[in-house]
Amino acid sequence: MANRLADETSPYLLQHKDNPVDWYPWGAEAFEKARAEDKPILLSVGYSACHWCHVMEHESFEDPDVARLMNELYVNIKVDREERPDVDAIYMQAVQALTGRGGWPMTVFLTPDGRPFYGGTYYPPEDRHGLPSFSRVLTSIAQVYRANRGDVEKAAGQIQSQLSAVETIRPGNDLLTEDILHVAYGAIAQSHDRVNGGFGSAPKFPQPMTLDFLLRYHHRTKSPGALEIVERTLRRMALGGMYDQVGGGFHRYATDAVWLVPHFEKMLYDNALLARVYLDAYRVTGLGFYRRVSTETLDYVLREMTHPDGGFYSTQDADSEGAEGKFFVWTPEEIAAALEDDAEIIARYFGVTDEGNFEGRNILHVPVPAEEFAALHGMEEQDFDEVLRRAKAKLYEARERRVHPGRDEKVLTAWNGMMMRSLAEAGALLGSERYLEAAARNADFILANLFEDGRLLRSWKDGRAKLRGYLEDYALLIDGLLATYEATFELRYLRRALELADDMVRLFWDDGVQGFFDTATDHETLIARPRDFFDNATPSGTSVAADVMLRIAVLTGDTDRERRAVACLRALAPVVQRAPSGFGRLLTALDFHLRPIREVAVIWPERPEQARPILDVLRESYRPDVVLAGAREGEGGDLTPLLEGRVAAGGQATAYVCERFVCQAPATDPDALRRLLNGET
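Residues numbered from 1 in each chain as written. Predicted model: local features only at pLDDT ≥ 70, side-chain atom pairs only at ≥ 80, totals over all residues. Heavy atoms only, no water.

Chemist: Explain helix α21 (residues 541-556) to me, and be specific about the residues and the numbers.
Modeler: Taking 1.5 Å of rise per residue, 16 residues should cover 22 Å, and α21 covers 22 Å from first to last C-alpha, within 8% of that figure. By the criterion of burial, α21 is predominantly enclosed, with 16 of the 16 residues buried. Phi for Gly 557, located one or two positions after α21, is positive at around 75°. (Helix = DSSP H or I, 4+ residues; strand = E, 2+ residues; numbered from the N terminus. Expected span 1.5 Å × (residues − 1). Buried < 20%, exposed > 50% of the residue type's maximum accessible area, 1.4 Å probe, protein only.)

Chemist: An account of the packing of aromatic side chains is needed here, citing residue identities and associated values.
Modeler: This model, assessed by the stated rule, comprises 31 aromatic pairs. Taking the centre distance of 5.0 Å and the plane angle of 90° together, the rings of Trp 23 and Phe 61 count as edge-to-face. In this pair, Trp 23 is assigned in strand β1 (residues 23-25) and Phe 61 in helix α3 (residues 51-61), connecting sequence segments 38 residues apart. Under the relative-accessibility criterion, Trp 23 is labelled buried at 0%. Measuring from centroid to centroid gives 5.4 Å for Tyr 74 and Phe 109, while their planes differ by 50°, and the two rings are tilted. Of this pair, Tyr 74 sits in the loop between α4 (64-73) and β3 (75-80) while Phe 109 sits in strand β4 (residues 106-110); the two residues are 35 residues apart in sequence, bridging distant segments of the chain. Under the relative-accessibility criterion, Tyr 74 is labelled buried at 2%. An aromatic cluster is built from Tyr 243, Phe 250, Tyr 278, Phe 289 and Tyr 290, whose rings are joined through pairwise contacts. Sitting above the plane of the Phe 289 ring, Arg 235 keeps its charged end 4.4 Å from the centroid. For the cation-ring pair, Arg 496 lies above Phe 451, with the distance from its terminal atom to the ring centre recorded as 5.0 Å. (Phe/Tyr/Trp six-rings, centres within 6.5 Å; stacked < 30°, edge-to-face > 60°. Lys NZ or Arg CZ within 6 Å of the ring centre and 35° of its normal.)

Chemist: I'd like to hear about unusual backbone geometry, residue by residue, with values.
Modeler: Omega for the peptide link from Trp 104 to Pro 105 comes to 5°, which places this bond in the cis form. Assignment of secondary structure puts Pro 105 in the loop between α5 (85-99) and β4. The amide bond that connects Ala 202 to the next residue, Pro 203, takes the cis arrangement and shows omega of -10°. Even without being a glycine, Asp 462 presents a positive backbone phi close to 50°.

Rendered as structure tokens:
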């Protein structure tokens, strides 16, 4: 018989609906039961694509004896961290304070009023590797709760005090200068792995926001070292096993230092952020390798991670048929069966061996880049590229016949905003109507399906939207809408972005702290009001909010928006200098604030196509110092003064370029505009 999770929409929660555990979703009912029966709460937090979450479910939550202990001794709550980032953030801080480490599955023991007093992550079914069995933990914690209530209350009070202290960042008054960027670059460069790319040692995470900052730093300073770090990292990742060489797209992270063995889950946010960094690397260097990786990644998302109505799914699991990575790995025999005549050379190219590199099978990777490999084997690069293209198509076709990993098909607003921006920018740069249409359809999907009474919601699945949106949902949707406007010049996207920016300030800004909270004024009251400033796997709501407020301030001339963004930057500047790798997105916002921004308005007489030669100039190069507005003559002036009173000079598409309150002569010739943007006379 299904438990209380059967009515949820989250695939992660639904995976547990048939457990013998009497699971509750997060909510008042569970806490009321805990208070009425004076039982501690067992809070279990995870997500659908988490391998060890599946392991713990199979080992413990499906075991009738373990479930009996859980049901007798606890009120059990199951939470999808992707739906409830607020709950996850609060209790992850507690687990990290208690154990010095965190991760998922997360297991936390709470008092009936929700205060944590003990916690950890994965617990095995029997004692092993220095970890107590889950049953032992369950029994011991319940005994402590009954026999030593005073100690439990004391521990809970101390932890809650620590959680409250984490919220506090003092408003700053120090002048924001380029020195912060230089210090950040120095620390990041010092942590760079100059052999394998990336930062630090194993495990290796992609850190796209740090790479984004480094591209901006290179643009600002012309530092060859910054670009070298970016290029080495991007090439090593894309040639390694962390990149899906057959189907495109990136796995979550590499378990080793050389990017070979990944954790095989694929996350929408990783692929959104990485596709954009590779696209920008292509813009900076002109190298087709980066363009190919970006488009293969976006194509993977459109092919395998897109709802028919335009929303983007959240994750693809690591496991299939009960084994991690089984869908993605190969034996030499499988390669031979799929490719026949090309099998030998393609197996050599992808590093396939009889012994394998992962549990007797092979993660495809590229030990030698294609151009070098072709030369070593006496082939023209163009000829080998054709062999490789043909082989990838056949391998993909063969792989499609396998049992696919599970897919979490909930649509999360924040993550969709990231992918929306990436597709919009790719569509604009590459002239791809397919990408532009996907970005616009996604924007329309979110705007139509994830609002209730004007309030943005967090999650949608199977026609049901739920959970009031968090700061990151507002900020990243605004980010995506601004990019979609700049790519399509549909004024409705700019209008909605400006309206949502007003809502974001009203719901999340706090004058007392001079900053944003992650939860809104209309959110449920938790044991702490979270403010997670760090850019982790996804950018923090504060970082993106500061960034979009600065850009909107340029578009609208609204100094109040700029003031709030600068307050965030000043408050966090001391922390950024101590841990710059944790603030990649915030550093890009600071870089934007410190730049002389060029405001460009493009006006056309009838149709946007008339402005394409002008727009191509604006998009062909990496220009993080440009804010772009565009519209047909006579439109858009009510939304941004950049468009007010502008005309299509002589009936031609015209670009107006202004900087520091000084405007240049209007440009109708693409070459003249290029010279103007490049500072040529």
